[in-house]
Amino acid sequence: MGFDPHEPQQQRMLAAALKSARVSVGELWLKYFSLGGEVGEYEVEAYLQGLLSLPVLQRDLLAMAANELIDKFPQGHAPYSDELGPDGESPRKEPGSGSQQRPESED
């Protein structure tokens, strides 16, 4: 990861929120790209696996995209970089603490 000490925590919480809401990388990337995101789907996947560092703006766009997708099923929250406190914790509720589950798709 890069030089931002909160990036690993932001990445882990984003990945946990997506998993909890059952949002795929493809869904996240499409929403992120529609918001002006600049990295490709493979880079987003690498970031979510902790293999790639992203600038704060791109991480926050990913968090925004995730939160817009998750708002339909409020069980988690992907933190923006300025929401992480000095201890790396988000003042909001951790992912997975809600009771709603995203319905399975009927493909």
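The model shown is predicted, which means the values in this text are computed figures rather than measured ones.

Helices and strands together make up the secondary structure of the chain, namely 4 helices and 0 strands. Reading the helices (α) and strands (β) of the chain from amino to carboxyl end gives α-α-α-α. Counting every position in the chain, which comprises 107 residues, the buried fraction comes to 45%. Considering only contacts within the chain whose residues lie at least 6 apart along the sequence, 61% involve residues at least 24 apart. Carbon and sulfur atoms make up 54% of the accessible area of the chain, which totals about 6,200 Å².

Negative phi is the rule for most residues except glycine; trans is the rule for most peptide bonds. One non-glycine residue, Arg 22, lies in positive phi territory at about 60 degrees. Structurally, Arg 22 can be placed in the loop between helix 1 (7-21) and helix 2 (25-34).

Judged by nonpolar contacts, the single largest core of 21 residues is most densely connected at Leu 14, Leu 28, Tyr 32, Val 44 and Leu 62. For this core, the secondary-structure elements that each account for two or more residues are helix 1, helix 2, helix 3 (41-48) and helix 4 (56-70). When residues no more than four places from it in sequence are discounted, the contact partners of Leu 62 are Leu 14, Leu 28, Tyr 32, Val 44, Tyr 47 and Leu 54.

Glancing now at helix 3. Taken as a whole, helix 3 has its buried residues at Val 44, Ala 46, Tyr 47 and Leu 48. In the stretch just after helix 3, Gly 50 is the one whose phi turns positive, near 80 degrees.

With that settled, consider the pattern of salt bridges. Applying the stated criterion to the full structure yields 3 salt bridges. As a salt-bridge pair, Asp 4 and Arg 59 come within 2.4 Å of each other at their nearest N and O atoms. Pair noted here: Asp 4 is in the segment before helix 1 and Arg 59 is in helix 4, with a separation of 55 residues, a long-range link. Given a relative accessible area of 3%, Arg 59 falls into the buried group.

On to the packing of helix 1 against helix 4. Running from N to C, helix 1 and helix 4 cross one another at 20 degrees; their axes reach a closest spacing of 11 Å. Overall, the two elements helix 1 and helix 4 adopt an arrangement that is roughly parallel. The chirality of how helix 1 crosses helix 4 is left-handed. From helix 1, Glu 7, Gln 10, Leu 14, Ala 17, Leu 18 and Ala 21 reach across to helix 4, where they touch Arg 59, Asp 60, Leu 62, Ala 66 and Ile 70. Grouping the amino acids of the contact of helix 1 with helix 4 by side-chain chemistry returns 7 nonpolar, 1 polar and 3 charged.

Summing up the model confidence of the chain, the mean pLDDT is 82 and the portion of residues at 70 or higher is 74%. In this model, residues 93-107 is a region of pLDDT below 50 whose contacts with residues beyond four sequence positions or in other chains number 29 contacts.

What counts as what
- Residues numbered from 1 in each chain as written.
- Predicted model: local features only at pLDDT ≥ 70, side-chain atom pairs only at ≥ 80, totals over all residues.
- Heavy atoms only, no water.
- Helix = DSSP H or I, 4+ residues; strand = E, 2+ residues; numbered from the N terminus.
- Buried < 20%, exposed > 50% of the residue type's maximum accessible area, 1.4 Å probe, protein only.
- Contact = heavy atoms within 4.5 Å.
- Areas by Shrake-Rupley, 256 points an atom, 1.4 Å probe, with all protein chains shown as cover.
- Core = buried A, V, L, I, M, F, W, Y, C linked by side-chain atoms within 4.5 Å.
- Salt bridge = Lys/Arg side-chain N within 4 Å of Asp/Glu carboxyl O.
- Axes fitted to C-alpha atoms, helices over the stretch in contact; angles between N-to-C directions.
- Parallel < 35°, antiparallel > 145°, perpendicular 65-115°, else oblique.
- Left-handed = near helix turned anticlockwise from the far one by under 90°.
- Nonpolar A, V, L, I, M, F, W, Y, C, P; charged D, E, K, R; others polar.
- pLDDT = per-residue confidence, 0-100.

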